[in-house]
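Structural characterization, general
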Amino acid sequence: MATKTALKPLGDRVVVQRIEEQATTKGGILLPDTAKEKPQKGKVIAVGSGRVLDNGTKVPLEVKEGDTVVFAKYGGTEIEIDGEEYIILSERDLLAVI
Amino acid sequence: MATKTALKPLGDRVVVQRIEEQATTKGGILLPDTAKEKPQKGKVIAVGSGRVLDNGTKVPLEVKEGDTVVFAKYGGTEIEIDGEEYIILSERDLLAVI
Amino acid sequence: MATKTALKPLGDRVVVQRIEEQATTKGGILLPDTAKEKPQKGKVIAVGSGRVLDNGTKVPLEVKEGDTVVFAKYGGTEIEIDGEEYIILSERDLLAVI
Amino acid sequence: MATKTALKPLGDRVVVQRIEEQATTKGGILLPDTAKEKPQKGKVIAVGSGRVLDNGTKVPLEVKEGDTVVFAKYGGTEIEIDGEEYIILSERDLLAVI
Amino acid sequence: MATKTALKPLGDRVVVQRIEEQATTKGGILLPDTAKEKPQKGKVIAVGSGRVLDNGTKVPLEVKEGDTVVFAKYGGTEIEIDGEEYIILSERDLLAVI
Amino acid sequence: MATKTALKPLGDRVVVQRIEEQATTKGGILLPDTAKEKPQKGKVIAVGSGRVLDNGTKVPLEVKEGDTVVFAKYGGTEIEIDGEEYIILSERDLLAVI
Amino acid sequence: MATKTALKPLGDRVVVQRIEEQATTKGGILLPDTAKEKPQKGKVIAVGSGRVLDNGTKVPLEVKEGDTVVFAKYGGTEIEIDGEEYIILSERDLLAVI
């Protein structure tokens, strides 16, 4: 469901689009909507050019477009562009790649 | 609607002018004014000369005059000059370029 | 009880899986469930590529996959992947290896 | 209305004197005093010798005596010298030059 | 009363075991248990490999196994291993060696 | 009214003695004591040897014994030595020299 | 009244013993005990080996054993060793030498 976007993140930021998870329990039973927790996974849509260190070097991001990432629940800023919702996060709010 | 300004931002700051968005829903229906969220987009009107690193190097900004940017909702200082409203932001409060 | 995971932690982060401790007192008597404190031990499932210093050097983590670690009680972010629960922690939240 | 002062600011500080703005609306109507917001503009009266970086270099200020500046509303320390009111601000509290 | 432990502290951390002090007043009278203050002294059981500086150098700890140390009352994390209680502290929470 | 003192400030600290200002209004009328604001001016009595930068260099203070300085109202620690009151301040709490 | 101690402070810390001041007013009248403010002066009993800078250099302390120092009222940790009370302070909590 991830889409192209015109958003070009700045610095160490990435644009992520939430992945809606299929709500099933361990045993495979589908849960009604209210029992789902808000997901913390997303698809990387775009990445910034990197973080500038104190010595002037620019460190490129560890993630790239298309990666599926886990991110901190309360990090980032939500934005809607052309009817699509995105989250802009700092790379430090990304925890892992799946 | 962006205008020239006499404001010359200092350091890593930029002067931005809010872009009033056309309030339409995904399906294209125009929303009355109270349903609109305050926009987080703006046009860069002027940029500072850059941030000085601890090693003395000056890093020029990633954005330039004329860029359309997304910025953090609560960042920046609002100022009115000659009847026009501007926001002065640090580059770190800019999230992405559209 | 530790399992393989598709989670690849970023930067100085590690993926840890809690170790359920056998609840016995010093004298060896089994305690009922409510008397147990939430454990602070886990198995390292995956480690990030390291922390980037201000001089650009990347410092590899001190722990490796398979290590049993003690971690700060309130550190980290919990995540469930394929019905398994993991904690993603920064290396600084790891206190010791057992 | 800016005046000479004996104040020599230290480090990265500047001495600024508030500019009382003519209170007119966009349409040119004069507003009574209570409708005016406290101005955030001032004239630079004196500047410090600069900020010392961690590598020992001293960075001179970007602003100079006589500049008209916009500054953060709650920054700075007010002081009265010889019946004139001044504000002493760090350069980081200056946002832009007009 | 200090014992060997399998705990290997990470980074600049140390494993300490509290020293129960003989509760006597200045004049040598034994105090009942409730009059004792929680001690701030302990025996160093194990030390980490050191702290990594921003320039990449690793600084070994000033304390070593067997040292008796004074530590800040509220620092550290308590952990029980094999029925023994330990405190894992950062070296900066150690104040002095006795 | 400034006096010699045996206080030798450490690091980037200075010893300052408050200057009691003549309480007159702009028009020269003497104000009773309760109308006076606590002054923020003082005479530098002694200065420390300077601040050590992260690169090991010691930066001498910008102010010297005998300077009249303006300092932040809530900075510093008050101390009485031989019946005289002093304030010990970090150089960063000094705003300007008069 | 200062005594030798077995306490060897770590890093940039110092061991200080409070100096009980003779409570006299400016005019020389002895004050009863309740009118005394808790003193902020002490004798340096022992000093640590110094602070390690980010570049790896160790900076020795400015104070030495035997110095009389003024220290910040709320800094430090109090400890009783062999019936004597000491305060362990970071060098940054020492304000001046008398």
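Residues numbered from 1 in each chain as written. Chains lettered and ligands numbered in written order. Predicted model: local features only at pLDDT ≥ 70, side-chain atom pairs only at ≥ 80, totals over all residues. Heavy atoms only, no water.

**So, the overall build of chain A**
For the record, the criterion: Segments assigned H or I by DSSP are reported as helices when at least four residues long, segments assigned E as strands when at least two residues long, and all are numbered from the N terminus. Throughout, exposure labels follow a simple rule: accessible area from a 1.4 Å probe, protein chains only, divided by the maximum for the residue type, with under 20% read as buried, over 50% as exposed, and the rest as partly exposed. What makes two residues a contact is simply this: any of their non-hydrogen atoms within 4.5 Å. For the accessible areas, the method is Shrake-Rupley and the probe is 1.4 Å, while residue cover comes only from the protein chains on display.
Of regular secondary structure, chain A possesses zero helices and nine strands. Expressed as a percentage of the 98 residues in chain A, the buried residues total 45%. Within chain A, contacts between residues at least 6 apart in sequence are counted, and of these 61% link residues at least 24 apart. About 5400 Å² of surface is accessible on chain A, with carbon and sulfur atoms providing 50% of the total.

**Notes on the pairing of strand 7 (residues 77-81) of chain F**
Residues and elements named next belong to chain F. What counts, and what does not: In this description, strands pair whenever DSSP reports at least two bridges between them.
Across five bridges, strand 7 lies against strand 8 (residues 84-90) in antiparallel orientation. Residue E80 lies in a different strand from strand 8, and its bridge partner there is E85. Taking the residues that link successive antiparallel strands as the turn, the strand 7-strand 8 hairpin has two residues, and the phi of D82 there is positive, at about 50°.

**Points about the sheet that holds strand 9 (residues 94-97) of chain D**
In space, the seven strands of this open sheet follow the order 1(B)-9(D)-6(D)-3(D)-2(D)-8(D)-7(D), with antiparallel pairing throughout. Of all strands in the sheet, those bounded by a partner on one side alone are strand 1 (8-9) of chain B together with strand 7 (77-81) of chain D. Pairing analysis gives three bridges linking strand 6 (residues 68-71) of chain D to strand 9 of chain D, with the strands arranged antiparallel. Its bridge partner being in strand 9 of chain D, F71(D) is matched across the sheet by L94(D).

**Quick look at the relation of the copies chain G and chain E**
Applicable threshold: The superposition of copies rests on a least-squares fit of C-alpha positions from residues with pLDDT of 70 or more in both.
Each copy of the sequence occupies a distinct position, and chain G is placed on chain E by a rotation of 51° and an axial shift of 0.0 Å, giving an RMSD of 0.0 Å. Each copy contacts the other with its own distinct surface, as only 14% of the interface residues of chain G are interface residues in chain E too.

**So, the interface of chain A and chain B**
A common way to report how large an interface is uses the accessible area buried once the components associate. Put simply, the rule reads: Buried area: the sum, over both parts, of the accessible surface (1.4 Å probe) that disappears when the two are put together. The working definition used for a salt bridge is a side-chain nitrogen of Lys or Arg within 4 Å of a carboxyl oxygen of Asp or Glu. Polar contacts, as used here, are pairs of N or O atoms within 3.5 Å; protein pairs need one atom able to donate a hydrogen and one able to accept it. Residues neighboring in sequence count only if both atoms are side-chain atoms. We call Asp, Glu, Lys and Arg charged. Ala, Val, Leu, Ile, Met, Phe, Trp, Tyr, Cys and Pro are nonpolar, and the rest, Gly among them, are polar.
Taken together, the contact between chain A and chain B spans 21 residues of the former and 17 residues of the latter. Buried area between chain A and chain B, both sides added, is near 1600 Å², and the carbon and sulfur share of it is 58%. Of all residues in chain A, the largest losses of buried area upon contact with chain B belong to L10(A), R13(A) and D54(A), amounting jointly to 34% of the total for that side. At the junction of chain A and chain B, the tally comes to zero salt bridges. Applying the counting rule to chain A against chain B returns seven residue pairs in polar contact (both at pLDDT 80 or more). When residues of the side of chain A that touches chain B are assigned to their parent elements, the largest contribution, five residues, is made by strand 7 (residues 77-81) of chain A. Residue classes in the side of chain A that touches chain B are distributed as nine nonpolar, six polar and six charged. Inspection of the sheet shows strand 1 (residues 8-9) of chain A paired to strand 9 (residues 94-97) of chain B by two bridges, in the antiparallel sense. Residue pairing across strands places P9(A) opposite A96(B), the latter belonging to strand 9 of chain B.

**Remarks on the interface of chain G and chain E**
On the side of chain E, 17 residues touch chain G, which itself brings 21 residues to the contact. For the pair chain G and chain E, the summed buried surface comes to about 1500 Å²; carbon and sulfur atoms form 58% of the total. Three residues, L10(G), R13(G) and D54(G), lead the burial of chain G against chain E; their summed loss comes to 35% of the area buried on that side. Our count for the chain G to chain E interface comes out at zero salt bridges. Run the count over chain G and chain E and you get seven residue pairs in polar contact (both at pLDDT 80 or more). Sort the elements by how many residues they give to the side of chain G that touches chain E and strand 7 (residues 77-81) of chain G lands first, with five residues. A breakdown of the residues in the side of chain G that touches chain E according to their chemical character gives nine nonpolar, six polar and six charged.

**A look at the environment of V63(E)**
With respect to the element layout, V63(E) can be found in the loop between strand 5 (58-59) and strand 6 (68-71). Here V63(E) falls in the buried class, since its relative accessible area comes to 4%. Along the sequence, V63(E) and L94(E) sit 31 residues apart, while their C-alpha atoms lie 9.0 Å from each other. Not counting residues within four places of it along the chain, the set of residues in contact with V63(E) comprises V14(E), V44(E), V47(E), V69(E), E91(E), L94(E), V97(E) and L10(G).

**Details of the side chain of D12(D)**
Structurally, the position occupied by D12(D) is in the loop between strand 1 (8-9) and strand 2 (13-18). Among residues more than four places away in sequence, those in contact with D12(D) are G50(D), R51(D), L61(D), L89(D), S90(D), E91(D) and R92(D).

**Notes on the pattern of salt bridges**
Counted according to the given criterion, the structure contains 20 salt bridges over all chains. Taking the shortest distance from any N to any O, the salt bridge between E78(A) and R18(A) comes out at 3.2 Å. Taken together, the residues span a long stretch of sequence, with E78(A) in strand 7 and R18(A) in strand 2 (residues 13-18) at a distance of 60 residues. A relative accessible area of 40% places E78(A) in the partly exposed class. Here R18(A) falls in the partly exposed class, since its relative accessible area comes to 22%. Linking D67(F) and K64(F) is a salt bridge whose minimum nitrogen-to-oxygen distance equals 3.1 Å. Classification of D67(F) by relative accessible area gives buried; the value is 12%. By relative accessible area, which is 56% here, K64(F) ends up exposed.

**Things to note about the confidence of the model for chain A**
Residues and elements named next belong to chain A. Heads up, the condition is: On a range of 0 to 100, pLDDT expresses the predictor's confidence in each residue.
This prediction gives chain A a mean pLDDT of 83; 78% of its residues lie at or above 70. Under a pLDDT of 50 for its full length, residues 33-38 has, in the predicted model, seven contacts with residues more than four places off or in other chains. Two numbers describe this predicted complex: its pTM, 0.81, and its ipTM, 0.80.

**Some remarks on the sheet that holds strand 7 of chain G**
Note: strands within a sheet are paired through backbone hydrogen bonds, in either parallel or antiparallel orientation. Pairing within the open sheet is antiparallel, and its seven strands lie in the order 1(F)-9(G)-6(G)-3(G)-2(G)-8(G)-7(G). Each edge of the open sheet is held by one strand with a lone partner, namely strand 1 (8-9) of chain F together with strand 7 of chain G.

**Digging into the side chain of Q40(E)**
Of note, Q40(E) is situated in the loop between strand 2 (13-18) and strand 3 (41-47). Its relative accessible area of 12% is what places Q40(E) among the buried residues. Setting aside its immediate chain neighbours within four residues, Q40(E) contacts V69(E), V70(E), F71(E), K73(E), T77(G) and E78(G).

**Focus on the environment of V44(C)**
As for its placement among the helices and strands, V44(C) is situated in strand 3 (residues 41-47). Once residues lying within four places of it in the same chain are set aside, the contact partners of V44(C) are V15(C), V16(C), V63(C), K64(C), E65(C), G66(C), D67(C) and V69(C).

**Some details on unusual backbone geometry**
Residue and element names in this part refer to chain D. Residues other than glycine seldom take positive phi values, yet D82 does so here, at roughly 50°. Note on placement: D82 falls in the loop between strand 7 and strand 8 (84-90). The class of D82 is exposed, set by a relative accessible area of 78%.

**Here we look at the environment of L10(D)**
Structurally, L10(D) is set in the loop between strand 1 and strand 2. By relative accessible area, L10(D) is classed as buried at 6%. Residue contacts for L10(D): discarding those within four places in its chain leaves E62(F), V63(F), L94(F), L95(F), A96(F) and V97(F).

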